[in-house]
Amino acid sequence: MPGKRHRQQGAALVVVLSLLSMALLLGLSSMSGSLVNERLAGNYRAMAQAQMAAERAASEGWHNLLASTPAPSFDNHDLTSLIATHWSAFNTGLLVENQTACHFVSSVSCSYRYVSSGGRDYIIAMGVVQDEVEGVIATSEKIIIELESEAGSGAVFSSPIVGCEGVQLSGGSTIGSYDSRNGPWNGTSSGFRESETPLVRTLEGDGLISLRGNERIYGSVSSYGGVLLPSGSSRIHGNVSANGDVNLNAGGGEIYGNVSSQGNVRFGNSAKVHGEVKAVNDVIFENDSAFVGEAIYAGGNVRSTRKSNPAEHLSQNNRQNYYPGHDGGAVPVSGESCDNMRFSGRSISEEALRLSEEIPDVNESDGVPRNVQIGPWPYWDWEISEGGLSKLDKSNNSNKWTEHARSQIADGVLAREGYTSVVRVGNLDINQSGSLRVSGNVVLIVEGNFNVGGGGDGIRIDPGSSLTVIVREKTVFGSSVNMLGTNPVNNNGDASFTLLSTYNGSGRAVEFNGGSRVVANVYAPFGDVAIIRGANLHGSVRGKRVEVDGNGLIAYDEALQESGFDGEAGGGSGFAISSWR
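About the thresholds
Residues numbered from 1 in each chain as written. Predicted model: local features only at pLDDT ≥ 70, side-chain atom pairs only at ≥ 80, totals over all residues. Heavy atoms only, no water. Helix = DSSP H or I, 4+ residues; strand = E, 2+ residues; numbered from the N terminus. Buried < 20%, exposed > 50% of the residue type's maximum accessible area, 1.4 Å probe, protein only. Contact = heavy atoms within 4.5 Å. Areas by Shrake-Rupley, 256 points an atom, 1.4 Å probe, with all protein chains shown as cover. Salt bridge = Lys/Arg side-chain N within 4 Å of Asp/Glu carboxyl O. Phe/Tyr/Trp six-rings, centres within 6.5 Å; stacked < 30°, edge-to-face > 60°. Lys NZ or Arg CZ within 6 Å of the ring centre and 35° of its normal. Disulfide = S-S within 2.5 Å. Pairing = 2+ DSSP bridges. Axes fitted to C-alpha atoms, helices over the stretch in contact; angles between N-to-C directions. Polar contact = N/O pair within 3.5 Å; in protein donor to acceptor, adjacent residues only side chain to side chain. Core = buried A, V, L, I, M, F, W, Y, C linked by side-chain atoms within 4.5 Å. Patch = residues over 30% accessible without salt bridge, like charges linked within 9 Å, V, L, I, M, F, W, Y side chains within 5 Å.

**Notes on the overall build of the protein chain**
Next, step 1: In terms of helices and strands, the protein chain carries 4 helices and 50 strands.
Next, step 2: Burial analysis of the protein chain (581 residues in total) assigns 50% to the buried set.
Next, step 3: Long-range pairs, those at least 24 residues apart, make up 51% of the contacts in the protein chain with a sequence separation of at least 6.
Next, step 4: With the model as given, the accessible surface of the protein chain reaches about 25700 Å², and the carbon-plus-sulfur share is 46%.

Right, here's the structure in full:
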């Protein structure tokens, strides 16, 4: 009715209050969810920090083990029980050297233990995030590094081919191994094809291993740096392990084992890996025909510029073995000092200096050792023995042996027990069909250059005899040297010919030239070693860098794994990583 006042029921107020209540509840719920998410994110961050701390502790434990001389002691523990322990128990009673403070975040701590369990040795590491109010916030999973003794770690020549800062092969060269006790090198045989011990290693610096043409390595390679196959059809009959990138750009390149990298693995061409590929970072395919036989693991991404599904680079039957985001437990390559040989605690340079100061040349009143030339007529034939150096005079058909230099006696030479006969000379040249026969176990110090050329054996070592030469300057073997009657290991199981070079100047320290067949165990930690122009070296090599070129060959004698030598392989831990998990 007109003018009639309507009584207010309050419905609008109820609706508004209801809506406000709902908005309040929704806001509270959102705030609660945000707080939960924030707490979850904080927990995840704390767990990630704890795990990073454990990895850091494990790495520090491994590097400290490598640097320790002697190796630290390992505590006996039950591995299963130790893995199940909490932080307070794990961190109780640690030796000072087994602890590390992870100070990259103030609330983060970590430590590691050297542990022996069940006849095996381990490094166990753990990390934790904690504060004074809440106590322990997050703990890591235990990091377990299982160790194994390096094969022949105490044997000087147990590491076959070592180019500490790099190894380069080119011109169709070959590195392989054989056992002289079972017969000569046949061109392909190699016990290292099935061995976990690498045939070729680098130990420090950039440490690149490069195969630049159509090379063959009949065994595994281990690089402190990277591995490069830039072109050609080089083949590695074994595994490849590297701390740096592995670049497989050779169109015909093949690796018949597994590939493991702490960086990236890149297939720049149609290379093939018949085993597994593991990379801490990325695996990258840039060619349709790039092939992996068994599995692909990448801690980062797997990318292919040619296939929409990178798993198609795997063999048809193994495409389920495709694991992006997981590095497959790729194990880093351990390093060590290049100069790892010790003689009663002395390095080769210190030992050479000691002997040079203690042993004069009796034929020179001023103490300066005289130069020796073996070869010019009438002195073609020479002999070195424990009595000294003598020569055959063929002038006027006399054929008379005369003494050239008498040996000197010194105590503890090259860590040998008792007194040893040593001959010390200036420069030593063997040329013009000259020949030096070795009878007995002889030590020769060459203060100058050591050159071996001519058209004969150059050096002939009697069965059961051995020659150890310390060279202060350069060593060069010419193209016509053929030590056909000598094996790297003699009848007594000792190294037949050992060449110890202390040269650290410009140019190569040791060089073997085309066409020669030389038997030698070369130790030149301060200089480069080259086997070039088709030279063949039977024995072992350790140099700052190693180059093999022009269809050259290094054939390692596996009998050296058990050979006797008076030096000790020091400067390393004697351990290798079996697994890191």
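Following the structure, the description resumes.
**Describing the pattern of salt bridges**
Next, step 1: By the definition in use, this model includes 23 salt bridges.
Next, step 2: Residue Arg 424 pairs with Glu 447 through a salt bridge whose shortest N-O separation is 2.8 Å. With Arg 424 in strand β34 (residues 419–425) and Glu 447 in the loop between β37 (441–446) and β38 (450–452), this residue pair connects regions lying 23 residues apart in the sequence. Here Arg 424 matches Glu 447 in class, with each residue buried.
Next, step 3: One salt-bridge network, held together by shared partners, links Arg 346, Glu 351, Arg 354 and Glu 358.

**A short note on the packing of aromatic side chains**
Next, step 1: Here the structure, examined in full by the defined rule, presents 8 aromatic pairs.
Next, step 2: A centroid spacing of 6.4 Å and a plane angle of 65° characterise the contact between Tyr 178 and Trp 185, whose relative ring orientation is edge-to-face.
Next, step 3: Judged by its relative accessible area of 3%, Tyr 178 is buried.
Next, step 4: Connected via pairs of aromatic rings, a cluster forms that spans Phe 450, Phe 477, Phe 497 and Phe 512.
Next, step 5: Cation over ring: Arg 113 sits above Phe 90, and NZ or CZ is 5.7 Å from the ring centre.
Next, step 6: Lying across the ring of Tyr 297, Lys 278 places its NZ or CZ 5.6 Å from the centre.

**Notes on the state of the cysteines**
Next, step 1: In this structure the tally under the stated criterion is 1 disulfide.
Next, step 2: The side chain of Cys 164 participates in a disulfide bridge whose partner is Cys 338; the two sulfur atoms lie 2.0 Å from each other. What sets the handedness of the Cys 164 and Cys 338 disulfide is the S-S torsion sign, and at about 75° it is right-handed. Here Cys 164, found in the loop between β7 (161–163) and β8 (166–169), pairs with Cys 338, found in the loop between β27 (322–324) and β28 (341–342); they are 174 residues apart in sequence, far enough to count as distant.
Next, step 3: Assessed through its relative accessible area of 0%, Cys 164 is described here as buried.

**Quick word on unusual backbone geometry**
Next, step 1: One non-glycine residue, Arg 533, adopts positive backbone phi at about 55°.
Next, step 2: Structurally, the position occupied by Arg 533 is in the loop between β45 (529–531) and β46 (536–543).
Next, step 3: Taking the relative accessible area as the measure of exposure, Arg 533 reaches 56% and is therefore exposed.
Next, step 4: With a phi close to 65°, Asn 551 is a non-glycine residue in the positive phi region.
Next, step 5: Along the chain, Asn 551 turns up in the loop between β47 (546–548) and β48 (553–557).

**Structural notes on the side chain of Arg 354**
Next, step 1: Locating Arg 354 in the fold gives a position in helix α4 (residues 348–358).
Next, step 2: On the accessibility criterion, Arg 354 (14% relative accessible area) is buried.
Next, step 3: Aside from chain neighbours lying at most four places away, what touches Arg 354 is Arg 346, Asp 411, Gly 412 and Val 413.

**Details of the sheet that holds strand β32 (residues 400–406)**
Next, step 1: Strand order in the open sheet made by the 5 strands is β32-β31-β30-β36-β39, with mixed pairing throughout. Single-partner strands in this sheet number two, and they are β32 and β39 (458–461). Ignoring strand direction, the axes of neighbouring strands in this sheet form an average angle of 25°.

**Observations regarding the side chain of Ser 466**
Next, step 1: Among the secondary structure elements, Ser 466 is positioned in strand β40 (residues 466–471).
Next, step 2: Assessed through its relative accessible area of 7%, Ser 466 is described here as buried.
Next, step 3: Engagement of the side chain of Ser 466 in a polar contact is seen with the side chain of Asn 441, the distance being 2.8 Å.
Next, step 4: Once residues within four sequence positions are removed from consideration, Ser 466 is found in contact with Val 438, Gly 440, Asn 441, Val 442, Ile 461, Asn 490, Ala 495 and Ser 496.

**As for the environment of Trp 580**
Next, step 1: Tracing the chain through its elements places Trp 580 in strand β50 (residues 575–580).
Next, step 2: Judged by its relative accessible area of 16%, Trp 580 is buried.
Next, step 3: Along the chain, Trp 580 and Ala 58 lie 522 residues apart, while their C-alpha atoms are 9.2 Å from each other.
Next, step 4: Engagement of the side chain of Trp 580 in a polar contact is seen with the side chain of Glu 55, the distance being 3.4 Å.

**So, the nonpolar core**
Next, step 1: Grouped together as the largest cluster of nonpolar side chains are 85 residues, with contacts concentrated most on Phe 267, Val 283, Phe 450, Ile 459, Phe 497 and Phe 512.
Next, step 2: It is strand β44 (residues 517–524) that contributes the most residues to this core, 5 residues altogether.
Next, step 3: Core analysis: the second largest hydrophobic core is formed by 23 residues, Ala 54, Val 108, Ile 123 and Val 129 among them.

**Here we look at the pairing of strand β36 (residues 435–438)**
Next, step 1: For strand β30 (residues 381–385) and β36, the ladder comprises 4 bridges, and the chain directions are parallel. When the bridges of β36 are listed, Glu 383 appears paired with Arg 437.

**What about a nonpolar patch on the surface?**
Next, step 1: Residues Leu 13, Val 16, Leu 17 and Leu 20 make up a contiguous nonpolar surface patch of about 380 Å² in total accessible area.
Next, step 2: The exposure class of Val 16 is partly exposed, given its relative accessible area of 42%.

**Comments concerning the environment of Asp 549**
Next, step 1: Looking at the element boundaries, Asp 549 is found in the loop between β47 and β48.
Next, step 2: According to the relative accessible area criterion, Asp 549 is partly exposed, its value standing at 26%.
Next, step 3: For the pair Asp 549 and Asn 513, spaced 36 residues apart in the sequence, the C-alpha separation amounts to 9.9 Å.
Next, step 4: The contacts of Asp 549, once residues within four sequence positions are left out, are Ser 170, Gly 171, Ser 173, Ile 531, Ile 532, Arg 533 and Gly 534.

**Here's the deal with the environment of Cys 110**
Next, step 1: The residue Cys 110 is located in strand β3 (residues 108–117) in this model.
Next, step 2: In this structure Cys 110 comes out as buried when scored by relative accessible area, which is 3%.
Next, step 3: For the pair Cys 110 and Ala 58, spaced 52 residues apart in the sequence, the C-alpha separation amounts to 9.2 Å.

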